[in-house]
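# A look at the structure
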Amino acid sequence: MKRLLYALGWLLLATMLCQCSDDDNNTPPIDPVETPQGLFVINAGNYNTSNASLTFYDPVGNGYDNEVFAKQNGYKLGDTAQSMSIHNGLGWIVVNNSHILYAIDLKTLKEKGRITGINSPRYICFLSNEKAYVSAMYGNQLTIINPKTYAIIGSITVPKNTAIGNTGSTEEMVLIGKYLYVTCWSYEKNIVKIDTTTDEVVGVLEVGIQPSSLVADRNGKLWTICDGGYEGSPVGYAAPTLCRINPETMSVEACYAFTKGDYLSKVRINGTGDQLYWLNNGLPYRMDISATELPSTVAFETEGYLYALTIDPENNDIYVADAIDYQQAGIIYRYSATGKPLVSFYAGVIPTEFCWNK
Amino acid sequence: MKRLLHTLLLLFVAGMAYSQEGIDSLIAIDEVAIVGRRPMKQIGVQRTEFESVALQEHIALSMADVLTYNSSVFVKNYGRATLSTVAFRGTSPSHTQVLWNGMKLNSPMLGMTDFSMIPSYFIDEASLLHGSSSISETGGGLGGAVKLATRPKEYEGFHLQFVQGVGSFSTFDEYLQLGYGNDRWQLSTRLVYATSPNDYKYVNRDKKLNIYDEEHNIIDQYHPTERNRNGAFKDFHALQEIYYRLTDRDRLSLTAWYTGTNRELPMISTSYAEDEQIENRQREETLRALLGWERIASVGRLTAQAGYIHSWSAYDRRITGAGISEGEAESESGGLPDGTMEYSRNRQHTLYGHLSGEYLPSERWLFSGEVTAHHHMSQSKGKEVIDSDGTHRLGLDKERTELTATATARWRATPWLGVGLTLREELYGEEFSPLIPALFLDGELIRGGRLVLKGSLSRNYRFPTLTDLYFQPGGNPDLRPEKGWSYDVGMDCRLGNEEPLAFHGSLTWFDSHIEDWILWYPKSMGYYTPENVKEVHSYGIEVESSLSWRPTRDWLVALHGSYAWTPSLNEGDPFSSADRSVGKQLPYVPEHSASATLRAGWRRWELSYKWCAYSERYTLSSNGSSITGTLDSYALSNLSLARTCSLAWCDLSLRGAINNLFNKEYVTVLSRPMPGINYEIFIGITPKWGKGRNQ
């Protein structure tokens, strides 16, 4: 009866058309399990939609594969993947709105373990095989985990902007010596310094409106981008800035202001720690760490509106991502260090971060 | 023709209606209505009418359920008793205009309507106006319009009906109707209260849980069977109607509809958050009141209405549990509660006025005209907005007056040819629409309305919503209205106007272009902003048929079926050379959708089988197949059996329903699992109070 009813039902429907993907880019697919060295692309997917995914790209063989997590594990990566970090042979993927951290074997890409119970995790920073910090989009805290036992072992509370009844937030982290530096981005203004031996906050620097990304240069100085908020934001609205910070004294050494309304994101640094890169209004810029003024032109000509950026730590090739309309697989463009276009390939929906496995 | 009839009978399945077959029978049946002559008002109009049996099958149904199983429009469900939107002809939910007794129900802020909030037991008449056919009633229906109405009952004396429903997942539905009527007055009060923890079980295919050995190595994984978490709801609706017959020609009416809902929004299937970690809740209180006067004369009709809508809604997404204080969830002023991730408060006042008239100077002409005014006052508060001078303000605090005027002339040039022309003008705020014309044609190929050829051609406009234009952050005051051209042609066939067999079928081709389609895109700054980005070409076929068969006095079998093929293609400019969305089907628009109902009545028994099917939907604008890029096609079946009993002092009705009969695992929206097989029982009691029995 069931089959008859279904058959009758589907008699009503015309044959459905199958639309196949047309990957008309110039990079062939590969099997990531065979080529574990390379670049992971973390595709956030649409918020509250569960279409995050992981892409793997082999820069030597110039091949790629999409949805590698789901293909190797048999379940979805989750909702709004944010970042990936590598430590001790494992790749740790932070899936923000699924509230989970997955550890995957870098050879098989299969899950080795997971940590749940952390609300809205964003980034992970490893101190040792038994200690790492996890930042949070909605929380003025860092969660301390033991990556070996997959256990939450503590937390550190950081100051928050209480004036606006906010949750507080912690974002990107850099470890210099025994100190951890973390930006407080969402509706916040601070960079916080934490002594990792005591897990106590030892310094707070109000650097500007919404400091987002954070890198350390070869001189041991920190660079951050304050995106400046938006018109009407309760935390304020100002011209975005690129700031150099002395981490020892927790003081701002230099701040370069952009035009109010510019959208600044993703300050990144090359492998030798002397060239800064960032995106402004979807275009890539580059500046030597010794420069005294902002560059007036783009680093190189690109297509689309760029959303993410990384630099190959070995050969300084630059990879940028365009999310296109945010409703389809974004595209990754690879350029040489001099800005010559090399290859491109489609990754997943909203490529948001990169992670090198070298 | 006989062969055609047989083929159609095999292919299309269908519904049936009740009528009162006698005062001691609650199960009685209306057959397919056959009219000898098509009404002037329906010249060229593509209209789907829902029968009362579909609307009032049982009290747990919302209009989303009715539309799913009785039409081919796409109903997008985010879960059981969760946001359900409706889209016609490959358009978006905000292109579907919804009218209740003539007054717009679409949110002036968001543009769309949540059909899960409309209990079908409150609706006495419902119809769909496809494409151009909506223009005579409302503007902005680029896909079409859903027309809902309440109507006076014909009570003589007192009437009471109470229905208790009990269903799976501890769901309780209560329905009470009180009525009184005499020659002049008709009073009716309807109350619906529905509650459920809504924690249905499903196998979560999006997750795996690990089994570890003692050294924390994963030795096995499995898809867990989970419950729908955070999905509880409490919905209360009250509808008060008062009708007073002033004279034989004049009638006054007062209708008020209150809705109070408190719904959790279920967690997405890939969430590993603990139940107590996050609260995700939506609350709404809405009052719609409408005062009307109607005069009916032999040469026409005059109607005047005044209405008011007040709506308050709140959305909270908060971290709860350890370390977070029990903050005040309201916080209409001042800071947000502790742990707030997302927060919004919306308040809406709408004043409504409407005048319309119809004039029928002869059998060949019908003139009608209407003037409608809506004045919206919208306030919305999300995360606080602070001006540079330190002033706190709301995310949206705007008023807009919307005036529309419509004139229609319909002419039956010959007994077999009808022509209609509608001209519409709209003023939104200070912006006039261009003149919106719609032309309708109707040609009778076989006399008596047996075979009618019809078509329409129209231009249409939809103005951006207040949120589109002004919400801070993100609103874009430079948005242009969406505009479209569409036409359709179709055939309508009615056969067998004498028992025992009657058939109605229609087949329509439609084609429409919409320019300046508004979509919200994420801005890098962390908020979304709307832009006029797409040009969409949608076209396709709509088929509808119904058939009723009464072999003997005790039996009636009725079938109803509908099917739509709706390619809806993005023909806009590419965002960049990498954009693969051009020429592709819009996300979440199925190319094929179908529904069918079969009802069989025998004496006091009624068996009903309902079926719906949607083809694969893409979640991405580029359509490519990937693990999350496509959603599987699915077909669902519901079955119910009802019986009435007539006791000395009351009528009793019993109904048992099985939903998702074959326990199909499915989602309408990515990672929003829907319930498997579930059951409901309804017991209804209608006391007989002497003369006051329901006639």
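The structure under discussion appears in the preceding block.
The present account deals with the structure reproduced in this document. As the structure is a prediction and not an experimental result, all values here were calculated from the model.

Formed by 106 residues in total, the largest nonpolar core has its most connected members in Ile93, Leu101 and Trp278 of chain A. When neighbours within four sequence positions are excluded, Ile93 of chain A is seen to be in contact with Ile42, Leu54, Leu77, Ala81, Met84, Tyr102 and Ile104 of chain A. Counting residues in hydrophobic clusters, the runner-up holds 69 residues, among them Ala438, Val589, Trp611 and Ala635 of chain B.

Attention now moves to the environment of Ser132 of chain B. All names here are of chain B. The topology assignment puts Ser132 in the loop between strand E6 (125–130) and strand E7 (144–149). Judged by the 30 C-beta atoms lying within 10 Å of it, Ser132 is buried. Once the C-alpha coordinates of Ser132 and Gly44 are considered, the two residues, 88 residues apart in sequence, prove to be 9.6 Å apart. In contact with Ser132, other than residues within four places in its own chain, are Ala438, Ser456, Leu457, Ser458, Ser486 and Asp488.

Time to look at the pairing of strand E17 (residues 222–226) of chain A. Residue and element names in this part refer to chain A. Of all five residues making up E17, five are buried, and the element is well covered by its neighbours. A two-sided burial pattern is seen for E17, the buried positions comprising Leu222, Thr224 and Cys226 on one face and Trp223 and Ile225 on the other. Relative to E17, strand E16 (residues 211–216) is paired through four bridges, and the arrangement is antiparallel. What sits directly across from Ala216, in E17, is Leu222. Hairpin connection, E16 to E17: the antiparallel pair is bridged by five residues, and Gly220 has positive phi, about 80°. Strand direction decides the pairing type here: E17 and strand E18 (residues 241–246), joined by five bridges, are antiparallel.

Residue and element names in this part refer to chain A. Overall, antiparallel pairing links the four strands, which are arranged E8-E9-E10-E11 in an open sheet. At either end of the open sheet lies a strand with only one pairing partner, and these are strand E8 (121–128) and strand E11 (151–157). Pairs of neighbouring strands in the sheet enclose a mean axial angle of 25°, with direction left out of account. Of the pairings in the sheet, the one linking strand E10 (residues 141–146) to E11 comprises six bridges and is antiparallel in character. When the sheet's bridge partners are listed, Leu142 is paired in E11 with Ile156.

Cut-offs applied
Residues numbered from 1 in each chain as written. Chains lettered and ligands numbered in written order. Predicted model: local features only at pLDDT ≥ 70, side-chain atom pairs only at ≥ 80, totals over all residues. Core = buried A, V, L, I, M, F, W, Y, C linked by C-beta atoms within 7 Å. Buried ≥ 20, exposed ≤ 12 C-beta atoms within 10 Å, placed from the backbone. Contact = placed C-beta atoms within 7 Å. Helix = DSSP H or I, 4+ residues; strand = E, 2+ residues; numbered from the N terminus. Pairing = 2+ DSSP bridges. Axes fitted to C-alpha atoms, helices over the stretch in contact; angles between N-to-C directions.

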